[in-house]
Amino acid sequence: MMTIFGTSMAYGLEQDGLSGNGETGVFLNLNTSYDIDDNPFLIESNAVDDEILKLAPSISLIGKSGMNTYSVRYDGEFGRYSDFDAADYDDHKVGGAIEFDINDSSNLDLNASFGQLHDDVGTGGSEGSPTVSGQPDEYDLLTYGGEFELGANTSAFKGQVRANMFDKEYTNNKSNTFDRDHEVATLGGTLLFNLSPDAALLFEVNYDDIEYDAVPTSNISLDSEETTYFVGFQWAIGAKTTGYVKVGQQDKEFSASQRKDEDSVAWDVAVSWAPRTYSTFTVGTNKGFNETNGFGNSVLSQAIDLSWNHNWGEKLTTNVKYSYIEDKMESTFREDETNQFDLNAVYALRHWVDLAFNARFIERDSNAALISYDREIYTLSVNVGL
């Protein structure tokens, strides 16, 4: 199944599309959800609760010409708060992708998207506010890029080269967002040495050139260059276990001499194990630098995810997930620890209609004032796809 914007087009449904063949044509989707949230604005003490209705329509057009696949897609999400109307939002995203299957040993993928999106109140520039105030930070996001792959699974070597562009520009609340507009140009390459059709050693290099449109109030630029080196191993042993392990080094060099250059051990791990066809366990962990949100030079993040997905027959699927995130704001004292636990159940009422319930529990502890919080969210949703 084709993927656009990093998410599966069918969203768990068995969509046939308006053409009825399930592969090409027009695909429609509408997800309607209702949240009961005891702390939607992430307030440390005296939190307020609210209820949020969300509508998320999407439409995809997928076509084929020979072995090549072409697609365009629109995604929307419209959120309406029961008590705090100022926090309402309308998100839109459009994009397209082309997959060129050149021959048995080479492929070229191109993609582009543009979105008008937002940061929820209580995140981004409004993080740590002791009260509910203001509107969501809204921004335009432009991304485009491509990846070329050379080599077959039966070849001794297989290579990938990629180039991507990320351009984020805030459009409101400029007193808080003026110094967060930035672009990231990424170049990367991966070399795989195939040990067998199911396993390979890998060597990977990624380079990011990060440029901000304005300097922060400190009058010291946050422009930087990041280079990440990985060595690792990937495998796919039948249907039971798949995954990869990548370990290496990440270096971040700032253009301003007043900011201290940073480096860290980096890793990226994802392992899936399916002891039965209807039950899958996954483990993921990563460590690396993220861009600052106004606190420190950058954020050194370390995360781990554990999940269990189980099909209880043809109709009911459940998922249990635990996540732990540790964020260290470089050049400052601040450190955050976040624990998150999710319980999810999906019932297939029809092959084109899913009913879902999700319970999420979040606890963040921080040594910075007004950043810690507890949160519980209960969500009921209906997902319809044609």
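Rules and cut-offs
Residues numbered from 1 in each chain as written. Predicted model: local features only at pLDDT ≥ 70, side-chain atom pairs only at ≥ 80, totals over all residues. Heavy atoms only, no water. Core = buried A, V, L, I, M, F, W, Y, C linked by side-chain atoms within 4.5 Å. Buried < 20%, exposed > 50% of the residue type's maximum accessible area, 1.4 Å probe, protein only. Contact = heavy atoms within 4.5 Å. Patch = residues over 30% accessible without salt bridge, like charges linked within 9 Å, V, L, I, M, F, W, Y side chains within 5 Å. Areas by Shrake-Rupley, 256 points an atom, 1.4 Å probe, with all protein chains shown as cover. Salt bridge = Lys/Arg side-chain N within 4 Å of Asp/Glu carboxyl O. Helix = DSSP H or I, 4+ residues; strand = E, 2+ residues; numbered from the N terminus. Lys, Arg positive; Asp, Glu negative; His and termini not counted. Charge placed at Lys NZ, Arg CZ, Asp CG, Glu CD. Pairing = 2+ DSSP bridges.

Enquirer: What exactly am I supposed to notice about the nonpolar core here?
Expert: Generally speaking, a soluble globular protein has its nonpolar side chains buried in company with each other. Ranked by size, the top nonpolar core spans seven residues in total: Phe41, Ile43, Ile52, Tyr81, Ala87, Tyr89 and Val121. Setting aside residues no more than four positions away along its own chain, Val121 makes contact with Pro40, Phe41, Ala87, Ser126, Ser133, Gly134, Gln135 and Pro136. Listed in part, the five residues of the second largest apolar core include Val184, Ile210, Tyr212 and Phe254.

Enquirer: Help me understand a nonpolar patch on the surface, please; the structure alone is not making it clear to me.
Expert: Together, Leu30, Tyr34, Ile36, Leu53, Leu55, Phe357, Tyr378 and Leu380 line one region of the surface with nonpolar side chains, adding up to about 680 Å² of accessible area. Going through the elements one at a time, β3 (25-37), β4 (50-65) and β20 (373-385) are the ones with two or more residues in the nonpolar patch. For the nonpolar patch, the element with the most residues is β3, which contributes three residues. Assignment of secondary structure puts Leu53 in strand β4. The exposure class of Leu53 is partly exposed, given its relative accessible area of 39%.

Enquirer: When you look at a negative patch on the surface in this model, what are you seeing that I'm missing?
Expert: A cluster of acidic side chains, namely Asp38, Asp49, Glu51, Asp83, Asp85, Glu326, Glu335, Glu337, Glu363, Asp365, Asp374 and Glu376, defines a negative patch on the protein surface. Where the negative patch is concerned, the elements lending two or more residues are β18 (335-350), β19 (353-366) and β20. Tracing the chain through its elements places Glu376 in strand β20.

Enquirer: Help me out: how do you make sense of the environment of Ser65 in this one?
Expert: Secondary-structure assignment places Ser65 in strand β4. Ser65 sits 35 residues away from Phe100 along the chain, and the two C-alpha atoms are 9.6 Å apart.

Enquirer: So what exactly am I meant to see when it comes to the pairing of strand β5 (residues 68-81) here?
Expert: Every other side chain in a regular strand lies on the same face of the sheet, so the side chains alternate between the two faces. Sheet topology places β4 next to β5; twelve bridges connect them, and they run antiparallel. Bridging across to β5, Ile62 finds its partner in Ser71. Count of turn residues in the β4/β5 antiparallel hairpin: two residues, of which Gly66 carries a positive phi of about 65°. Where β5 meets strand β6 (residues 89-103), eleven bridges bridge the pair, whose relative direction is antiparallel. Considered in β6, the bridge of Tyr70 is made with Ile98.

Enquirer: Is there a simple way to think about the pairing of strand β16 (residues 298-312) in this case?
Expert: Pairing of strand β15 (residues 279-291) with β16, which is carried by 13 bridges, proceeds in the antiparallel orientation. What sits directly across from Thr280, in β16, is Asn309. The antiparallel pairing of β15 with β16 creates a hairpin that spans six residues between the two strands, and Gly294 there sits at a positive phi of about 110°. Across 14 bridges, β16 lies against strand β17 (residues 316-329) in antiparallel orientation. Counterpart to Ser301 in the pairing with β17 is Asp327. Between β16 and the antiparallel strand that follows it, β17, lie three residues; Gly313 among them carries a positive phi value of about 95°.

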